[in-house]
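Residue-level structural notes
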Amino acid sequence: MAFTICTWNINSVRLRADLVAALLREEKPDVLCLQETKSPVDKIPFPIFEQLGWKYAQARGEKGYNGVAILSRIPLEPVEHVDWVGKGDARHVAARLPGGEVVHNLYVPAGGDEPDVATNPKFDHKLKFVDQMAAHFEGQDGEAVLVGDLNIAPGEDDVWSHKQLLKVVSHTPIEVEKFEAARARGGWEDVVRKHLPEGKLYSWWSYRARDWDAADKGRRLDHVWATPGLAARSQSARILREARGWEKPSDHAPVFVTFGE
């Protein structure tokens, strides 16, 4: 089965339901994975999306924090979520597509400001989360795609300045090492970089920049990974940069990958 999947940290699905609807109408991904929905599941405005044709959904949420959702116009079969690091927060939701492919939608902790596990519990949480990702997906069977805001920009061209961000959370050497270990142990391929291997590539720009577009101090925090067989079926990848400039935008841009049959 051919399908296009999109991942987007929406930074409040209720606040930006109109942007989600616009994306669905204009870009028409078969599957849309949202992170940081910041809403209990029963408060997510599913009827808006259902009216547009995305009538299937799987979601986990909590009030004001975290939250992940999968919206689809093709049927979804629920797959049990993982309680990462045993914290009970809504950072993972999964579903199976009609072709058997499993979609994992993840929101990795941001990690706070200080890259020191001794003084920053949030950074310790992040590293343990990524370690558990590595262990959980090692030796997995079947075809799967893992998408989401993974909150790590691994490559030198995934950040606006490699040298200046080496001590900044999201691009520190220990984060990158654990990120790549998780990808390798799960047998995942970075599908976006498979299709866009050269040059600077970002999916997030800080709200702090007065003119985010001109400053262009971005990071590639949002990823699409696939198991080898599914990665071989991938046909294209792109980041919808202009969405960062929409009215009252998320600070993340949507990332799309299309898979063939």
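Reading the values: rules and limits
- Residues numbered from 1 in each chain as written.
- Predicted model: local features only at pLDDT ≥ 70, side-chain atom pairs only at ≥ 80, totals over all residues.
- Heavy atoms only, no water.
- Helix = DSSP H or I, 4+ residues; strand = E, 2+ residues; numbered from the N terminus.
- Buried < 20%, exposed > 50% of the residue type's maximum accessible area, 1.4 Å probe, protein only.
- Polar contact = N/O pair within 3.5 Å; in protein donor to acceptor, adjacent residues only side chain to side chain.
- Contact = heavy atoms within 4.5 Å.
- Pairing = 2+ DSSP bridges.
- Axes fitted to C-alpha atoms, helices over the stretch in contact; angles between N-to-C directions.

Let's shift gears to the side chain of Ser250. Examined against the element boundaries, Ser250 turns out to sit in the loop between strand E13 (234-239) and strand E14 (255-259). Classification of Ser250 by relative accessible area gives buried; the value is 1%. At a separation of 2.6 Å, a polar atom in the side chain of Ser250 contacts the main-chain carbonyl oxygen of Asn9. At 3.0 Å, the side chain of Ser250 forms a polar contact with the backbone nitrogen of His252. Non-local contacts of Ser250, meaning those with residues more than four positions away in its chain, are made with Trp8, Asn9, Ile10, Asn11, Arg16, Tyr207 and Arg244.

Here we come to the sheet that holds strand E6 (residues 92-96). A sheet is described by the order of its strands in space; here six strands give the open sequence E5-E6-E7-E8-E12-E9, paired in mixed fashion. Where the open sheet ends on each side, the last strands, each with one partner, are strand E5 (77-79) and strand E9 (189-190). As paired strands, strand E7 (residues 102-107) and strand E8 (residues 144-149) are joined by six bridges and run parallel to one another. Across the sheet, Val103 pairs through a bridge with Val145, a residue of E8. The strands touched by helix H3 (residues 121-137) within the sheet are E7, E8 and strand E12 (222-226), with E7 carrying the most contacts at an inclination of about 170°. Strand contacts of helix H5 (residues 173-185): E9 and E12, with the helix running at about 25° to E12, the strand carrying the most contacts.

Judged by pairing direction, the sheet is mixed, and its six strands sit side by side in the order E3-E4-E2-E1-E14-E13 without closing on themselves. Two strands in the sheet have a free side with no partner beyond their single neighbour: strand E3 (56-62) and E13. Across the sheet, the mean angle separating the axes of adjacent strands is 10° when strand polarity is ignored. The pairing of strand E2 (residues 31-35) with strand E4 (residues 65-72) spans five bridges and is antiparallel. By the bridge assignment for E4, Gln35 is matched with Val68.

Before going further, it helps to spend a moment on the pairing of E12. Summarising burial for E12: five of the five residues are buried, a large majority. In E12, alternate side chains face the same way, and those of Asp222, Val224 and Ala226 on one face and His223 and Trp225 on the other are all buried. Of the strand pairs in this sheet, E8 and E12 are connected by five bridges, and their pairing is antiparallel. In the strand pairing of E12, Asp149 is matched with Asp222. Bridging between E9 and E12 involves two bridges; their strand directions are antiparallel. Following the sheet pairing, Asp190 is matched in E12 by Trp225.

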